[in-house]
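As a plain string of letters, each chain reads:
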Amino acid sequence: MRLSQILTVFFVFMISSALQAQLSLSAIPIATVNNNFRSLALGNAVVSLSGKYGDYHINPAGVGLTNSIQVYGGRDYPDGYGSGRTFLILNYGFKKSGFNLSLQKYQWEEQLTLVGSYKKLRGRFNSDEIFMNASYSYSFNPYLRAGIGINYIHTTQSSGSIYSQALTDDLKFFTVDLGFLYQGSSYKISMGSITPNAGFSISDFGKSQSYYSSGYGEPLPTTLRLGAGLTFESDKKVWNQHLIGSSVLFNTSKFTGRKELKGNEMDGYYYEAMPAFKALFNSWGTFEWNNGQQIKNYSLPEQIWLHSGIELTFLETFSLRFGRENAANEEEWLSYRSVGFGVDLYYISLDYTSIKLDSGEPNLYYNFYSGNHWQLTGRFPLKGKKPNTILTQILK
């Protein structure tokens, strides 16, 4: 299949209306946290990757490593805080299908009042938060793969607090992830081959949520992602492993949550979350953001997140990774640079990622990204066939 066949023209309809978009104040910030440290090291630019690099929440089409079971998990802490999160992920691939199950649990030692606050909330949590995911992917042919994920979220954000004389409650609800992956044919060059890949996904699509019974709905952090990459493998092999490999990745993403002005002059005006499907088509113009003191306006380019990553691999075993995430203007405090490495022996792999926020003040926003992250992954072949790794070659 030729590269020209994967190029698509995207038409964006610029629709103007009385909209307010408080992306930093979207409901359920827990839904935006990534717990795959490989993809964090690559700036979250992995919407076009699958297999061991597939990230179920960024693109469910990428879950599952063929004929293998993968298990990884850990305990993570934000810089300078004793509170943290625990997570466990299991996925496997069989024939044309891939499956993923995951559980995340977050705990804070202190209660943070989020409702009615104009503080930045993405990356902030309080009390107990639970995030569960079940994802499935299917390969239609060697080039095209699709996936769907169902997320169950239980959040106690501000539970028990009083807001507008109303007691806030726990929230329990479901959201949906959808995604597509394309992997093109390899192109021969002088020293090896190059393979293009592309991906598209929408995550956390669902009904708006309200923290108290008489409150107006808050939009979910529904996110659109689009990206592509090139993977290189050298022809030269040592110990039956490709001597050098590399990947160059670039993604864009955008939150689509919106609030729209409702009411009338007689009864008063208020902002209500726009229905998720409507927001997909009405979130492409300039948006207004109320920070509690003034209303700010941001054009479409200022709403776009940019993600980029580079990985260098040696003997299909040792990897160096570099990443960059440029957040949208209003959330630029979440922009970061990352560096990491990995050692992959198939049965077990170790990944390390170091992240530094551009703001230099990770504790200010209780951010789970900043700092050092370690991930240990175990793999088990489903067919009992010994995998071809550097160890099997050395120990022959």
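Residues numbered from 1 in each chain as written. Predicted model: local features only at pLDDT ≥ 70, side-chain atom pairs only at ≥ 80, totals over all residues. Heavy atoms only, no water.

If you look at the biggest cluster of nonpolar residues, it comprises 13 residues, and the most contacted ones within it are Leu40, Phe87, Ile89, Tyr336, Ile355 and Tyr369. When residues of this core are traced back to their parent elements, those giving at least two are helix H1 (37–41), strand E3 (84–94) and strand E23 (348–357). Other than its neighbours up to four places away in sequence, Ile89 contacts Asn35, Tyr56, Gln70, Val71, Tyr72, Asn100, Leu101 and Ser102. (Core = buried A, V, L, I, M, F, W, Y, C linked by side-chain atoms within 4.5 Å. Buried < 20%, exposed > 50% of the residue type's maximum accessible area, 1.4 Å probe, protein only. Helix = DSSP H or I, 4+ residues; strand = E, 2+ residues; numbered from the N terminus. Contact = heavy atoms within 4.5 Å.)

For the rest of this paragraph, the subject is the environment of Ala45. Relative to the elements of secondary structure, Ala45 occurs in the loop between H1 and strand E2 (68–76). Residue class for Ala45 comes out buried when judged on its relative accessible area of 0%. Spatially, the C-alpha atom of Ala45 lies 9.4 Å from that of Val248, the residues being 203 residues apart in sequence. Ala45 has contacts with Ser39, Leu249, Asn251, His307, Ser308 and Gly309, leaving out every residue within four places of it along the chain.

Turning next to the side chain of Asn197. By the element assignment, Asn197 lies in strand E11 (residues 192–205). Overall, the relative accessible area of 6% leaves Asn197 in the buried class. A polar contact is formed between the side chain of Asn197 and the side chain of Ser48, at a distance of 2.7 Å. Apart from the residues lying within four places of it in its own chain, the contact partners of Asn197 are Ser48, Leu49, Tyr182, Gln183, Gly227, Ala228, Gly229, Leu230, Thr231 and Leu249. (Polar contact = N/O pair within 3.5 Å; in protein donor to acceptor, adjacent residues only side chain to side chain.)

Do not read the fine detail of predicted coordinates wherever pLDDT is low. Residues at a pLDDT of 70 or more form 72% of the protein chain, whose mean pLDDT is 76. Low pLDDT (under 50) marks residues 158–166, which in the prediction has 26 contacts with non-local residues, meaning those over four places away or in another chain. (pLDDT = per-residue confidence, 0-100.)

What follows concerns the packing of aromatic side chains. The tally for this structure, following the rule as stated, stands at 11 aromatic pairs. Aromatic side chains Tyr346 and Tyr347 sit 5.5 Å apart centroid to centroid with 85° between the ring planes, which places their arrangement in the edge-to-face category. Judged by its relative accessible area of 41%, Tyr347 falls in the partly exposed class. Above the ring of Trp284, the side-chain terminus of Lys254 is found at 5.1 Å from the ring centroid. Here the basic side chain of Arg379 rests over the ring of Tyr346, its NZ or CZ set 5.9 Å away from the ring centre. (Phe/Tyr/Trp six-rings, centres within 6.5 Å; stacked < 30°, edge-to-face > 60°. Lys NZ or Arg CZ within 6 Å of the ring centre and 35° of its normal.)

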